[in-house]
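Structural description and commentary
Here are the chains, one letter per residue:
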Amino acid sequence: MNQPIKNFPEAPSIGPAQPAKPRSRRRFVLIIILILLVVAGIVWWTREGTAPQHASSGRNSAPMSIVPEVVGKGDIGVNINALGTVTSLATVTIRTQISGYMQKIDFTEGSEVKKGDLLAEIDPRPYEATLAQAKGQLARDEAMLKGAQVDLTRYQGLAAQNAVPHQTLDTQVALVAQDQGTVEADKASVKSAEVNLAYCRIVSPLNGRVGLRQVDQGNYVTPGDASGIVVITQLQPISVLFTVPEDNLQAIAKRLQAGAVLPATALDRTGVTKIADGSLQTFDSQIDPTTGTIKLRAQFANDDKLLYPNQFVNIRLLLDTHKDVTTMSAAGIQRGAPGTFVYLVNADSTVSVRPVKLGVTDGDRVEVLSGLAPGDRIVIDGADKLRDGAKIVIRSENNPTQTNAPAQPDKSGGGKRQRSEGGQKQ
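Basis of the calculations
Residues numbered from 1 in each chain as written. Predicted model: local features only at pLDDT ≥ 70, side-chain atom pairs only at ≥ 80, totals over all residues. Heavy atoms only, no water. Helix = DSSP H or I, 4+ residues; strand = E, 2+ residues; numbered from the N terminus. Buried < 20%, exposed > 50% of the residue type's maximum accessible area, 1.4 Å probe, protein only. Contact = heavy atoms within 4.5 Å. Pairing = 2+ DSSP bridges. pLDDT = per-residue confidence, 0-100.

Tracing the sequence through the fold places Val 71 in the loop between β1 (64–70) and β2 (72–88). By relative accessible area, Val 71 is classed as buried at 2%. Put simply, Val 71 and Gly 375 are 304 residues apart on the chain and 5.3 Å apart in space, counted from C-alpha to C-alpha. Excluding residues that lie within four positions of it along the chain, Val 71 makes contacts with Thr 326, Thr 327, Leu 372, Ala 373, Pro 374, Gly 375, Asp 376 and Ile 378.

So this is what it looks like as structure tokens:
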């Protein structure tokens, strides 16, 4: 019998499947769009954050807070700055001139002594005995000289009567001369013994400060001791040796030859605190060829004794003074495309760029050769974000949080000045 044929489900098609590329491309495009949106948001946020930096260049931007200064007129010095070392004008190592036992120390370490003050004493007894012996020898020889002179006078009388030979007279003359020489030698011995006895008392040869003693009482000292007894250093007056470039020598020499006194100021290591005032004395006789500098000496009275030998100091030498010139603060100097310039404060609460030509600088003040006049107001603080024509508001230098509002126009079109918190018109 014929079996009925069953209907089986159709087998799946084995043809090529539909690709998923369009869906992947859509996802990729969406990711790219999201990235672009994020980047755009970051750029927009960055521009918004930096917008105040350029706001000053717009006409409707917020005013910038600044501190002004009025350009003045006065004297400004032409200074030469150098590094120096304090040097004593006299440093003496006290040594004994004779040998003997140190009997007494008569100074205190670190004390001030005057010329002629007693410093130490050496046992004088051996030298007193030597002096007494020399004086005795002198007395004996003087007596012998007197006897020889008496005999010479007698022989001269007898020789005039031809009672003695001339040879005897000549011998007596020679004997008197010999005794005179012996007496002179004895006098020199006495003088030498007196000098040695005086050396038993060691005195200061100058005014100064004594250091630490090198010998204690009771030691036997000799002139050959290398360390000596003590070192005395003169502190008043005192000098400072410093070097300047050889290019400055002509100007310095010309001023000294004209009889000018060049003031010199000694400053501490920071170059801020003044230690002492003095004047330039002289300069060396030759230039150092290895450094191209020349050595100068300035002298200081050192009344306060703040300068000490071998101390490092900064020297400010006043070479000349420019009288009655226009000066301004160095904080107001700006440098850029126009060259050297300042921001000039205008009457309408704006600033303008003003090129200037500068001269010498003295500390925080600088000479203005051209571009400004006394009475002009310039910006000395807050100029880093300014532009030509930017609006400003004046801030008090003593109180940075206090500001003075810019001029506001009234209904008639004029500028109405407002009072600050201190009650002053701006």
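Right, picking up where we left off after that structure.
Moving on, we come to the pairing of strand β4 (residues 100–105). Sheet analysis places β4 next to strand β9 (residues 220–221), joined by two bridges and oriented antiparallel. Looking at β9, one finds that Gly 100 is bridged to Val 221. Here three bridges tie β4 to strand β6 (residues 118–122), and the two strands are oriented antiparallel to one another. Note on β6: the bridge partner recorded for Ile 105 is Ala 120.

Two modes of strand pairing occur in sheets, parallel and antiparallel, and in both the strands are linked by backbone hydrogen bonds. Read across the open sheet, the four strands follow the order β3-β10-β8-β5; overall the sheet is antiparallel. Looking at strand neighbours, the two that pair on one side only are β3 (91–94) and β5 (112–113), the edges of this open sheet. Note: strand β8 (residues 208–210) against strand β10 (residues 230–233), two bridges, orientation antiparallel. Across the sheet, the residue bridging to Val 210 is Ile 232, located in β10.

What follows is about the confidence of the model for the protein. Summarising the model, the protein shows a mean pLDDT of 84, and 84% of its residues fall at 70 or more. Low pLDDT, under 50, characterises residues 1–17; the predicted model gives this stretch zero contacts beyond four residues in sequence or across chains. Note that pLDDT drops below 50 for residues 49–58; the model gives that stretch seven contacts with residues more than four away or on any other chain.

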